[in-house]
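# An overview of the molecular structure
One letter stands for each residue in the lines below.
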Amino acid sequence: MGGYSKAGITVSKKVSKSAVKRNRIKRILREIYRINSNMLPNGIYVIIRGLPKAAGADFSEIQREILSLFKVIAAKESGNNADKVL
């Protein structure tokens, strides 16, 4: 795998019919990833999917969820070989 991690971010219309709200959630998710991407091992590709619960959540709630997932990914990857895919 490569020397850095990447993320794909998606928020569907099931989350909100309003493009403004969906884009706000995407901006929040991108910022959380940008700030905390150093927690992920190099070469990790993640897809972050905004769920309907995110429409009513604030930044700190979403960040708490994402960080807990990043910790799980980092823990699993540190115990695996570099060739394995999660």
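Cut-off values and rules
Residues numbered from 1 in each chain as written. Predicted model: local features only at pLDDT ≥ 70, side-chain atom pairs only at ≥ 80, totals over all residues. Heavy atoms only, no water. Helix = DSSP H or I, 4+ residues; strand = E, 2+ residues; numbered from the N terminus. Contact = heavy atoms within 4.5 Å. Axes fitted to C-alpha atoms, helices over the stretch in contact; angles between N-to-C directions. Parallel < 35°, antiparallel > 145°, perpendicular 65-115°, else oblique. Left-handed = near helix turned anticlockwise from the far one by under 90°. Nonpolar A, V, L, I, M, F, W, Y, C, P; charged D, E, K, R; others polar.

Among the secondary structure elements, Ser5 is positioned in the segment before strand S1 (6–11). Apart from the residues within four sequence positions on either side, Ser5 is in contact with Tyr33, Ser37, Leu40, Pro41, Gly43 and Ile44.

Running from N to C, helix H1 (residues 19–36) and helix H2 (residues 59–79) point in directions that differ by 50°, and their axes come no closer than 10 Å. Taken together, H1 and H2 sit at an angle that is classed as oblique. For the pair H1 and H2, the crossing hand works out as right-handed. Listed contacts from H2 to Ile28, Leu29, Glu31, Ile32, Tyr33 and Asn36 of H1 are Phe59, Ile62, Gln63, Ile66, Leu67 and Phe70. For the contact of H1 with H2, a count of residues per class yields 9 nonpolar, 2 polar and 1 charged.

Once that is clear, we can look at the environment of Lys13. Inspection of the secondary structure puts Lys13 in the loop between S1 and H1. In this structure, the C-alpha to C-alpha distance between Lys13 and Leu51, residues 38 residues apart in sequence, is 9.9 Å.

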